[in-house]
Amino acid sequence: MTNKEISTIFYEMADILEIKEVKWKPQAYRKAARAIEVIPENLSDIYKKGGLKTLEEIPGIGEGIGKKIVEYIETGKIKKHQELLKSLPKGFQKLMEVQGLGPKKVKILLKKKNIKNIGDLEKALKQHKLIGLKGFAEKTEENLEKGIQLFKSGKKRFDYSEVRPIAESIAKQLKKFKEVRKIIVAGSFRRKEITVGDLDVLMTAKNPIKVMDYFTKMPNVKRVLAKGKTRSAVILDSNLQVDVRVVEDKCFGAALQYFTGNKMHNISLRKIAIKKGFKLNEYGVFDKKTNQFLAGKTEEDVYNALGLKYIPPEERTNSGEIEKAMKK
DNA sequence: GCCGTTTTCGGCCCGACTGTTTTCAGTCG
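My aim in this report is to walk through the structure given alongside it, one point at a time. (Residues numbered from 1 in each chain as written. Chains lettered and ligands numbered in written order. Predicted model: local features only at pLDDT ≥ 70, side-chain atom pairs only at ≥ 80, totals over all residues. Heavy atoms only, no water.)

1. Here's the deal with the environment of Gly100
- With respect to the secondary-structure elements, Gly100 resides in the loop between helix H5 (79-86) and helix H6 (103-113).
- When the C-alpha positions of Gly100 and Asn143 are compared, they lie 7.1 Å apart, and in sequence the two are 43 residues distant.
- With residues up to four places along the chain from it excluded, the contact list for Gly100 reads Lys105 and Leu144. (Helix = DSSP H or I, 4+ residues; strand = E, 2+ residues; numbered from the N terminus. Contact = heavy atoms within 4.5 Å.)

In structure tokens form, the structure reads like this:
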């Protein structure tokens, strides 16, 4: 029994619940799944040592999910999970993994066109059967076709050692462009995770629009997913996704903090900010009432404004580092 | 379903981009 098995089940349950438009539970299951993923200890060992109560000490795991973990440890399955799986056609929630499809669109596909899996979707796309559905037009068709291709080529995570040369080469290419001032690759790469899902590149630049033009036209770009004034995303020939953001100098620290994550770490920080009467986003720490800018130029500024010591990127996983950084 | 140094009820992070629509819902990170 591995933690990975259980987190996969909870992710799956979250997807199905989302399609069923159940409120809040999807977030809860996802939060639990993410928490389980980053725990180094095996859940069944934790359970054997301390029982259900110890499982419930893990942030994001309460009575309901705790009991389901116990059920899996003892029986090898979770009844609620199997019920949810049965309530939808087999392979249906896989559709959510196609880029551009979320719970709403996937539901429309099933209801209006009886599309139950990726194969059905491919067929319908070839025959242009989706045009006319609410939210589906020509461009959507095009994007879904690309999304399926991408899905088939396998959206795997890359080993850190594998992406490192790619990340360095991208940073080098962008640095050569004179508009770019500061550049750093954030995300799971900066946290030096064992595997990296995509690259988050953060920059400050004189003319963001020009930088976006330059970035989306780099020679190893296979596909442009999005291109805006401050954010863009592409897929490289290697199938690695790269997101870039351009921010102002005074926000660089806040943005760097925000895009270095991880997600749970950031949510915890934002909650601390709220408690102090602040608001934290990628642009800085602000006074909630007056909206006055309080910090954001450097990461140290951001952590200090929240009453925390600086936390190195590798430790930002929401596994006790925040408590440790709280100043007495 | 989880959680609490204002809460055991009633909130639940937040902003950018796209495509479709005629002002916004859905998706993503």
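Having seen it, we continue.
2. Regarding the protein's contact with DNA strand B
- Taken together, 44 residues sit near DNA strand B, with Trp24, Lys25, Ala137, Thr140 and Arg270 positioned nearest.
- Counting only the atoms of DNA strand B that lie within 4 Å of the protein, the sugar and phosphate share comes to 77%.
- One nitrogen or oxygen atom from the main chain of Ala137 is found 2.8 Å from a phosphate oxygen belonging to DNA strand B.
- Between DNA strand B and the protein, one listed contact pairs a phosphate oxygen with a backbone N or O atom of Arg231 at 2.9 Å.
- Secondary structure elements with two or more residues in the surface near DNA strand B: helix H2 (25-38), helix H4 (63-75), H6, helix H8 (138-152), strand S5 (221-227), strand S7 (241-246), helix H13 (263-275) and strand S8 (278-281).
- For the surface near DNA strand B, a count of residues per class yields 15 nonpolar, 13 polar and 16 charged. (Near = heavy atom within 4 Å. Polar contact = N/O pair within 3.5 Å; in protein donor to acceptor, adjacent residues only side chain to side chain. Nonpolar A, V, L, I, M, F, W, Y, C, P; charged D, E, K, R; others polar.)

3. Topic: the sheet that holds strand S10 (residues 293-295)
- Pairing in this open sheet of 3 strands is antiparallel, and the strands run S8-S9-S10 from one edge to the other. Taken across any chain shown, the strands that pair with only one partner, and hence form the sheet edges, are S8 and S10. For this sheet, the mean angle separating the axes of adjacent strands, direction not counted, is 35°.
- When strand S9 (residues 284-287) meets S10, the two strands line up antiparallel, connected through 2 bridges. Pairing of Phe286 across the sheet is with Phe293, part of S10. (Pairing = 2+ DSSP bridges. Axes fitted to C-alpha atoms, helices over the stretch in contact; angles between N-to-C directions.)

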